[in-house]
Amino acid sequence: MKSFLLGAGASIDAGLPGSFGLTRAVADYIDGSFGPFYVRALLHGVIGAMVQHDTGRGKSAFEGVDVERVFAAVKALKDRDSIDLSAFVEKWNRNLDASNGRVSFPGFWARNFKKALLDTRDHEVESEFEAGVRAVVQTSNGDLFEQLESAMLDALVHILRADESRVGYFEPMIRSESLAGIATLNYDLAVEKASHAAGLTVDTGLETWRGGYEWEWATPQADVRLLKLHGSLDYVLGQGEQDGERVPGDRLSNFGEDRQGQLVGGVPAMVFGQGSKLRSDGPFLAMLVEFDRLLSQTEWLTVVGYSFRDDHINAALTRWLNGDRAKRISVIDPSLASWGGSGWDRRGPDYWYSLQRATRASDSWTPIESDFLPESAAAGLAQLHGSR
């Protein structure tokens, strides 16, 4: 049986940005959305602080910041006064303190403050100045970060709209013989659109989930079983109402792409961050259990555009590699060309080197056949799973 695991790089050939490019795309969208200027400035302050932190640890200033790190940071900063670590932090980054109503006016309002005083005829400056004063006097830092989080989610909905005419390169995957299933870490709908264009049916298992860790597929005869481990743009986690329909608590509903962005009454069901990306509410743990079950049926796993930086996904891969079913693993990612080096000169994620060692023969283990292709998703899928 064959299975596939997709990361952000799998959707780049569909015209969607990768994790680092998505940060810039979100910032550009918010900059051009004519929303509150202090929200735009706050986002750049967060990104700038993260770049400063990374460069202090020896990283390139031009490497960029993964969008999931930005989302996770904003969510944590929204509740920063309630986390245990705050008891040990005397002063936060000044770009973040600037958004807190308990301190002085933010520095990025100084220019508008002066212009508003000297030229009251400039209504645009006056309006932004008034908005800034209201934000400082009336708004808590949590409220500002909540506004920023909402703006970023809105940006994702608009940026990650896959064009059905550009997802045909997934066809060798979705038409694979003996396909056990596809697991994806992406929020976009590229696989769904590719399947629809190819006339294939898709089952995500959401309709039949009843709580707990059991995962039943709604349509056993579906052509594609798709497990969206980190959620989706069109998944909403109850409680609330949408067009008169009740969304049960802890249940996921699929509202479809035409209702993206209209998430009033529900919480967007997406998981952000790096490392141990576990979310206890909703069906996310159940999906992770199902991913293990999917791998238990898999002899050949193809990994596309995944950076091997999610601990819980890596742990599942390790369990599969240590089992009896693993026969072949293929990794498709153009970044492989730059993940060379050894010792202190390593340029790739740590798990990548562990994976290479795991596929070699040893006194205790038989070798696992492996393909490491420094190719795009389109080229790699065509090479490994295209018609022969």
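Please refer to the structure higher up on the page.
Now for a look at the structure at hand.

What counts and how
Residues numbered from 1 in each chain as written. Predicted model: local features only at pLDDT ≥ 70, side-chain atom pairs only at ≥ 80, totals over all residues. Heavy atoms only, no water. Pairing = 2+ DSSP bridges. Helix = DSSP H or I, 4+ residues; strand = E, 2+ residues; numbered from the N terminus. Contact = heavy atoms within 4.5 Å. Axes fitted to C-alpha atoms, helices over the stretch in contact; angles between N-to-C directions. 1 Å grid on protein atoms, 1.4 Å probe; cavity = no way out; pocket = protein on both sides within 12 Å on 5 of 7 lines; lining within 4 Å. Points joined across faces, edges and corners; volume = space filled by probe spheres on them. Nonpolar A, V, L, I, M, F, W, Y, C, P; charged D, E, K, R; others polar. Core = buried A, V, L, I, M, F, W, Y, C linked by side-chain atoms within 4.5 Å. Buried < 20%, exposed > 50% of the residue type's maximum accessible area, 1.4 Å probe, protein only. Phe/Tyr/Trp six-rings, centres within 6.5 Å; stacked < 30°, edge-to-face > 60°. Lys NZ or Arg CZ within 6 Å of the ring centre and 35° of its normal.

## Structural notes on the sheet that holds strand β12 (residues 369–373)
Strand order in the open sheet formed by seven strands is β3-β4-β2-β1-β10-β11-β12, with parallel pairing between adjacent strands. Of all strands in the sheet, those with a lone pairing partner are β3 (202–203) and β12, marking the two edges. Across three bridges, strand β2 (residues 179–184) lies against strand β4 (residues 224–228) in parallel orientation. Paired with Thr184 across the bridge in β4 is Lys228. Contacts between helix α10 (residues 284–296) and the sheet are confined to β1 (2–6), β2, β4 and β10 (300–304), with β4 contributing the most and set at about 135 degrees to the helix.

## Comments concerning empty space enclosed by the protein
Counted under the stated rule, the structure contains three cavities of 30 Å³ or more. Leu6, Ala10, Ser11, Phe170, Thr184, Asn186, Asp188, Ala190, Val191, Glu192, Leu226 and Lys228 are the residues that line the second largest cavity. Elements with a minimum of two residues in the lining of the second largest cavity: α9 (190–197) and β4. Per-element tally for the lining of the second largest cavity: the top contributor is α9, with three residues. For the lining of the second largest cavity, the per-class residue count stands at six nonpolar, three polar and three charged.

## So, the nonpolar core
Membership of the largest hydrophobic core comes to 58 residues, with the highest contact counts inside it found for Val26, Phe170 and Ile182. Tallying contributions element by element places helix α7 (residues 141–159) first for this core, with nine residues. Ignoring anything within four residues of it in the chain, the contact list for Ile182 reads Phe4, Leu6, Met173, Ile174, Val191, Val224, Arg225, Leu226, Leu227 and Leu294. The next biggest cluster of nonpolar side chains, apart from the first, holds 38 residues, and it includes Trp217, Ala269, Ala286 and Leu317.

## Let's talk about the packing of aromatic side chains
Using the criterion set out here, one finds seven aromatic pairs in the structure. Taking the centre distance of 4.9 Å and the plane angle of 55 degrees together, the rings of Tyr306 and Phe308 count as tilted. When its relative accessible area of 3% is taken as the criterion, Tyr306 is described as buried. Given the relative accessible area of 2%, Phe308 is considered buried. Through a chain of ring-to-ring contacts, the aromatic side chains of Tyr306, Phe308, Trp339, Tyr351, Trp352 and Phe372 assemble into a single cluster. Between the NZ or CZ atom of Arg328 and the centre of the ring of Trp300, over which it lies, the distance is 3.9 Å.

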